Structure formats: C-alpha cells, structure tokens
Amino acid sequence: MKTNEIRDAFLDYFASVDHTKVESSSLIPHGDPTLLFTNAGMVQFKDCFLGAEKRSYTRATTCQKCLRISGKHNDLENVGRTARHHTFFEMLGNFSFGDYFKKEAINYGWEFLTRVMQLPKERLWVTIFETDDEAAELWKSETDVDPSRILRCGEKDNFWAMGETGPCGPCSEIHYYLGEDLAAQSEAGFRKDDGTYLEVWNLVFMQYNRLPDGTLEPLPKPSVDTGMGLERIAAVKQGVLANYDTDELRSIISFTEDLCGKKYIGKDYTIRNIESDEQYAVDTAFRVIADHSRACAFLIADGINPGSDGRGYVLRRLIRRACRHARNLGFQEAFLFKVCGKVVELMSSAYPELRKGAGRIEKVIRGEEEKFIETLGSGLSILQKEVEKVSKKSSKVLPGSVAFVLHDTYGFPLDLTEDIVANAGLTVDRKGFSDAMDEQRERSRAARADDTELILQRAVKPLDTKFVGYERSNSEYESSISGIFNSEGEIESAGEGSDVAIVAAETPFYAESGGQIGDTGRISTATGTVDVIDTKKAAGGTIVHIGKVVEGDISANQSARMVIDDQRRAMLRLNHSATHLLHLALRDVLGDHVQQAGSRVSENTLRFDFSHFEPVSQTQLEEIESIVNEQIRANYEVETEVMELEAAKARGAMALFGEKYGSNVRVVQIGPRSLELCGGTHAARSGDIGYFSVLSESGIAAGVRRVEAVSGPGAAAFVRDKRRVMHEISDLLRAGEDELGDRVAKLLERNRELERSLDRLKQMQNSSRGDSLTSQARKLGDGTQVLASVLDDASPKQLRELADDLKQRLGSGCIALGSVQDGKAIVLAAVTDDLVDRFHAGELVKEMTKIFGGKGGGRADMAQAGGGDPELLESALNKFQDLVA
C-alpha cells in the first residue's frame, strides 16, 4: 500500500464506524497560546476534551499535519541522523468526545491493524499504564492478542500529556516487531528499547486536565485521543526499516538525487562523523532535505514567512539548515524551492492548500535561499577556522562571540552553528552568545532612544489605558488600539516597516518604571503585526508600546491581540523579586543607613545602587548572598496588596528612590521582613527564584555603591560557567580544586624567576649585539657615523635598550633598528645629543613610515613606529640612511 492509500484506508475505516472525517487543521494552532505549532492530532479538539466546545459530532477522525520543532516536542537535532525522526509528519487519529472509551478504542485499533492493514498478529505487542487494570482486562477480553505480550509500563512511557498543562491520561501503545526471527521475541527484548520493537499507535484515554499547579482534574466526560504516525505505519506496511525508504519520502530523495547527481545509500543509521565520512554526510543531507522540504512547503502554505522570531524564525532555520547540508551534495545555488515543488506534486491531492500556494511557496523559498547562499560560504569558512583553533584547546567550547558574529553577519541561527560544531565534538558558549545579543539590543535601544523620547514627549497625547499584566494568565490579552503615533504626531494607520508608538485601552505590557525595564512582544490585528521592542510611560501615565510594523498594516480602533514575551517576563519577575531580597540583606549586613539609590532589572541581570560610605568586603558580600538565598529557600509567598500610602508607611513599607506615589499604593511583601512599595511584576513565591549570586560590587559616586547580580536560570548558568572554568584549570594544572591556589602561586613565582632569567639573557644578547653592530657603522664624508640594521625577533623594549647601548659605544651618530613582531614591522631611530640640532629622530621615523606603512613618532633623540609591512622594512632602513646622508 502506498502512503496515500494508507491515509485513505484509515479515514474510510473510521468513517464506517460512525466517525466524522475532519480536515487537518493549520500548523498554526488557533486560539492556543501554549503552542507554537500544531504538534498532535488532538490540538484542534482541545476545547472539546475540556468540555468548553460542543460540535455537531462526538466521534472524529483526521490525518493531521504536525510540526515538532519547539518546546517539549523538539526533534530537530535528530532529523537526518535517525531512521524515524522528523520535523513535519502526518498523524492519523480517531477521537471520542465523551462518546466511547477504552473498550471501543481498543477494538477499533486492533481491528484496523489486523484486518484492514493485515499486519501479522504474531508481531504485535501492547503496553498499558502500570495501574490501568481496566485496559489490561479489555485487551484480553476484546482481542486475541497474546496475553503474555500485554506489558505494564510507567508514567514516562504510558501516561500521555500534550504539554505541561491540559488534557492528559493513561495510554496504551501498540508495537510491531521488526526482527526476522519471530521466535526471538521476548519481554526482556522488548524492554531493551533498541528499536527492534516499533511503536505504531498510541491510544490515549483522556481522563484528566492537568492544572498549572500539577493537579489532575477529572474531565467532564472521559474521552479518547489516538495517534499513529502515517510515516511509521507506511514503513511497516511497505516492509522497510526506515521512514525515509517509504514511497513518499523516497520520491523526494530520488528527485534530489536527479538534481545533484549524487546517490543515496541510506542503509546504515549508526551516528558517524559527518566531517570525515563523506557518504554519511551525503545520506544525512538527503534525509534532512526530504524532511525540511515538506516542513517548509506546509509552513508557507499555512501563511508563515521567514522572519527573525517566532514561527517565522523556525521556518528560516529549516531553510538555512537544509542549505547548509546541501553543500555536502554539491549544491552551490538555490535548489530547495525545486524540491518543495516536488512536495506540492506528491501531497497536494491530500492537502489542496499546497497546490493553491505553490507559487508563493516557490517565491518565498527561493528568495530566502538566495539571500542565505550569498553569505553561507564565507560563514562556513570562518567557522571552520574557529573550529580548528578551538579543537587544539582543552575547553572544546566555541566562543559565544564567534557564534554571534556568524548569527549577526552571516545569518547562522545558533542551533545551526551548534549542529555544525557538534560534528567536531565541540559545544557553543551559549551565555557568551546571549551576552553579545544583549549588547546588540542595548545598542539598538540607544540608537532609537532619541526617536522614542521624541514620540513620548511631543507626540503621544494622554489617553486612558489600564495595565492588566500582574496575573500570569494575562500574558496574552484581547484589547483595542486607542491611538497610533509616530515622531510627527497621531496617525490613523501605519504600514509595514513603520516605527510606531501604540496605546491600547488595556494592556498586559509592563511599562518601564521602578527600575524594571519594559516588556517586549507582539501586537496583532486582523490586518497586521507590530514587533514591540519596548514599553514606556508617557505623560499622564499613558502606557506606550514602542515598535515596528513587521507585517501588513494597523489602524486605530482595531481589535488587537496583545502578546508579551512571557519567557522574558518570567525572568524579569525573578530578578525583580531578588532585588527586594537583596535590599533586605544589604540592610541586615551593612546597617539601616542603606537606602536604594537606583536599580535596573532586566531579564538577564539585576543592578542595585545603594547609599554606603565604603567598599563592601568579600566577607560581607558572601554574607549578603547567603541571606538572600536563605530567603529564597524559605519559599515565602510573594503577597501584594493595594492600600493607602499612609497605611503602607505605617506598616513599615519602604518607599523607593525616584518614585512618585499616589494616594493608593501597591505593597509587595516577601516573607516577614521584606515590605516595599512597588508597582513591578514579581515571582509567585521566593522559591521560584531558585538561586542568587553576586557578580560584582563597585563604587559609582561619592557615598553610592552598586551591586550587580544574577538570579534564577542566570545564576545557575553563572555557577555552571564558574565550575567549568575551575575544571578546565584543574585539568590544565593537573591539580584538585583545593590545590589550585598553591599551584597557581608556585607557577607565578616560577614565571617571575623565568622572566628575571630572560631579562638577564636579553641583556647579554644586547651586549653581544652591540659589539657586532658597532663594527657595522659607516662614516659619512663629514664624519657622521650611521648605523642601520634589521634584528631577528626583537621587542620594542629590546630595541630601545640596544639603541641606548649603541649611542654610548658610538659616542656620536644616527642609529636605525628594525625588527618583526607578530607579523608586523617595527622601527626605532636614535640620535646622539650632539647631532639633534641636525637630525630629529621623530621626523626620521615619520619618513620611514611612508615606506613601510606603520605609524609612530617621538622625541628628537629617539622615536619609534610599528604596524607596517615586514617586506618593506629593509627599504625603510635604506631610506633612513639616505636621509642622514
């Protein structure tokens, strides 16, 4: 059976048992902010399972297009390397919304596989959740599966959940034995999980809704959600061991073979080194392209364009990953758009949207390919050189700054760089990459600050706006646009590429205040999308969203979907709560005179300025850090309350630097001792912060000190980096961490001894050189002595010392010495005191630099220059002699 025939057979079978055929939903989940892409057949039915949506049917069957490349379900790094991992795949499914349950689901599954697909029963195995006795009995009573092949497994394998929250329940999986010897089957062999037993179908018995706190809430009506990968059942039915050998994917590979002239072997899926194994690199490339071409075609057909974030960034990553692997097939020009054309040809009968969007698919893919190919070669060349450098070191970590340059200049997504360097056994310094990205964002913010302030101060008029972002559930919010502004004033609409300031009636975006920076995210309307890069407060407290229209156009009074970057907000919450605990600890250790003098809370770090008269000692910093972490471990609830200002002060709440308060204020309390007036966003409990670590302490003004610190994931990363450095140093010095201090002290002393010995040797060498060089001096007709010579590997210091020695030996004369250091030429000119009225060393050096290209200058009696072309050093010294003569 061909893949198309299996798809039809599945849908027809379930239609015959009273299921409604439902078309695949888009890869963009509708109304589900928890998902970037549709990753399972049940996504479009989530509200049906929750009882929040009623449809005209209670039984459904679909073949759902899915993409797994983000969050919990992310298979990207395995795609191309294994026989069955994909980004895009099709999931066959049958669903019951409070209609039938376990008995019927088990019957349908067994009948379809054994009667319709005619799979041999002697190759089928079944797993159930370890406590699901009901399912165990039904498999025995309703089917003729061998009872010894009904195995119980734990939550990891047989309790299914779509994500951290949402519908979930125990499941039962059907597996197919791929081995040749039927007699070799056993429970022990099954539990080895070595790929011999292939999971074909997962029957999920939806009984619960998992709440954010982990509670399992019974669903209104128990339901059924099943999922069977079409590519997997096709591989089984067609008698091949790998999904890439099924008719549909093999057709894409064959088409690519014709384009490039190379052959796909693809029989061995053992992970090997792409850099050294040419055929493995070729096979992997064919598989990556086959997979990614399907994903790209379907994403574009569903309306996604390549972009710098979100779904658009995923599409861009897929296109660029395919282009990188295509180099191993000899492709130097755009090709993927042709392969995607083959996808349209093969799959448009089942998915008409492909044929409808064929022209757009070709145009978008080709444009993105050509843009990336322009820089791919240069980027790969740079990366290869950096990999060679790092491979010679013990750390085996590519600097984050290199990864950032590749990302910023050559368009390499971080995971593409990680994918490439992994082949050489290296990793990427993600923290260094993030730091470089943050620095770039700050530069961008600064570059646009003037325009932003102009909009805020002159253009935005006071409008009523309400902040609704204190609750986590409001990270995504439906509102309406009250006003749109640019640097000229209020405007009715703005098109793609326009820099704008938007005011909404209600917003979950936090505007910068109290030291916490503003939220970022997106504002979407029916006609356009705005990328929000900052949120500020204008006159009258109006909350203003600063951004750029990145798609379509927007107009005033439109309904708008306000979506903050929730992951970034979560980091801000942790860091802001940590500043409150830091304030408490500073007062505990240093005294009650400590008052906040400023702060800055970003997603990556926190900065706290405070009044204090002297540097904070290392011992004090350690005590401060300890107190903060004690407060974190206590896991206090972070409580907020709105009250009158005077009542808050009476309770001891601390007012913060630079803030103006109204008659009613918001009070944030963390545990029994931290009570502050604060309008910022915070963690739910102090324990959410996880860990706190001080980065530095410094003075910024008279009587004002600054502590910079990290918390949460940032603190964990900081500790990991420190530990890694310690391990690297330990390995280099071949010493335990507790021995490092003594070992480094001994090395420093040894280094000083060697430097003293080297200085003595250099002095002896200079003396010897002086004897030799003095004899090379020549006399001019007027008796002036001239000496010009090139020395091997002499430093500027050695040249100066030698010139002083030669001046004493000659008594009277002009001297020019040259050498090469680090691939650059250096020269020094010296003139004895009796000749400085005739010859100026600084002027002589300037004339020499015109020959060899260096820069420099100096006094009348001695001058030097460096940075020139070593090949022209001799010519520069000849010029010196001509000038003196």
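Residues numbered from 1 in each chain as written. Predicted model: local features only at pLDDT ≥ 70, side-chain atom pairs only at ≥ 80, totals over all residues. Heavy atoms only, no water.

1. Digging into helix 23 (residues 841–852)
Because an α-helix packs 3.6 residues into every turn, residues spaced three or four apart end up facing the same way.
At step 1: Along its 12 residues, helix 23 runs 17 Å from first to last C-alpha, staying within 8% of the 16 Å computed at 1.5 Å per residue.
At step 2: Along helix 23, the residues that are buried comprise A841, G842, L844, V845, M848, T849 and F852. Along the axis of helix 23, the buried residues cluster in a sector spanning 155 degrees; they form a single face.
At step 3: Once helix 23 finishes, G853 follows within two positions and takes phi at roughly 90 degrees, a positive value. (Helix = DSSP H or I, 4+ residues; strand = E, 2+ residues; numbered from the N terminus. Expected span 1.5 Å × (residues − 1). Buried < 20%, exposed > 50% of the residue type's maximum accessible area, 1.4 Å probe, protein only. Arc of directions from axis to C-beta.)

2. Let's talk about a nonpolar patch on the surface
At step 1: Together, L758, L761 and M764 make up an exposed nonpolar region whose accessible area comes to about 310 Å².
At step 2: Residue position: L758 is located in helix 21 (residues 740–774). (Patch = residues over 30% accessible without salt bridge, like charges linked within 9 Å, V, L, I, M, F, W, Y side chains within 5 Å. Areas by Shrake-Rupley, 256 points an atom, 1.4 Å probe, with all protein chains shown as cover. Salt bridge = Lys/Arg side-chain N within 4 Å of Asp/Glu carboxyl O.)

3. Some thoughts on unusual backbone geometry
At step 1: Positive phi values are uncommon outside glycine, yet D18 reaches one of about 70 degrees.
At step 2: Along the polypeptide, D18 turns up in the loop between helix 1 (3–16) and strand 1 (20–21).

4. Looking at the side chain of T417
At step 1: Take T417: it is sitting in helix 15 (residues 414–422).
At step 2: For T417, a relative accessible area of 0% gives the class buried.
At step 3: Setting aside anything within four residues of it in sequence, one finds T417 in contact with L383, L398, A403, L406, F412 and V428. (Contact = heavy atoms within 4.5 Å.)

5. Quick look at the packing of helix 11 (residues 336–347) against helix 13 (residues 358–391)
At step 1: Interhelical geometry of helix 11 versus helix 13 gives an angle of 155 degrees and a closest axis separation of 8 Å. By the angle between their axes, helix 11 is roughly antiparallel relative to helix 13. Like other packed secondary-structure pairs, helix 11 and helix 13 cross with a definite hand, here right-handed. Residues L336, F337, C340 and V344 of helix 11 form the contact with helix 13, whose own contacting residues are A358, I361, E362, I365, R366 and E369.
At step 2: Along the lines of polarity and charge, the residues of the contact of helix 11 with helix 13 split into seven nonpolar, no polar and three charged. (Axes fitted to C-alpha atoms, helices over the stretch in contact; angles between N-to-C directions. Parallel < 35°, antiparallel > 145°, perpendicular 65-115°, else oblique. Left-handed = near helix turned anticlockwise from the far one by under 90°. Nonpolar A, V, L, I, M, F, W, Y, C, P; charged D, E, K, R; others polar.)

6. Overview of the pattern of salt bridges
If charged atoms from side chains of opposite charge come close, those side chains can pair.
At step 1: For the coordinates displayed, the defined rule picks out 48 salt bridges.
At step 2: Its salt-bridge partner being K121, residue D144 comes within 2.6 Å of it at the nearest N-O pair. Of this pair, D144 sits in the loop between helix 4 (133–142) and strand 7 (150–153) while K121 sits in the loop between helix 3 (102–116) and strand 6 (124–129); the two residues are 23 residues apart in sequence, bridging distant segments of the chain.
At step 3: On the basis of relative accessibility, which here comes to 38%, the residue K121 falls in the partly exposed class.
At step 4: Two residues, R324 and D419, come together in a salt bridge whose shortest N-O distance is 3.0 Å. Of the two residues, R324 sits in helix 10 (residues 310–326) while D419 sits in helix 15, which places them 95 residues apart along the sequence. Like R324, the residue D419 is buried in the burial classification.
At step 5: Salt bridges here are not isolated pairs; linked through shared partners, they connect R7, E90, E231, E248 and R294.

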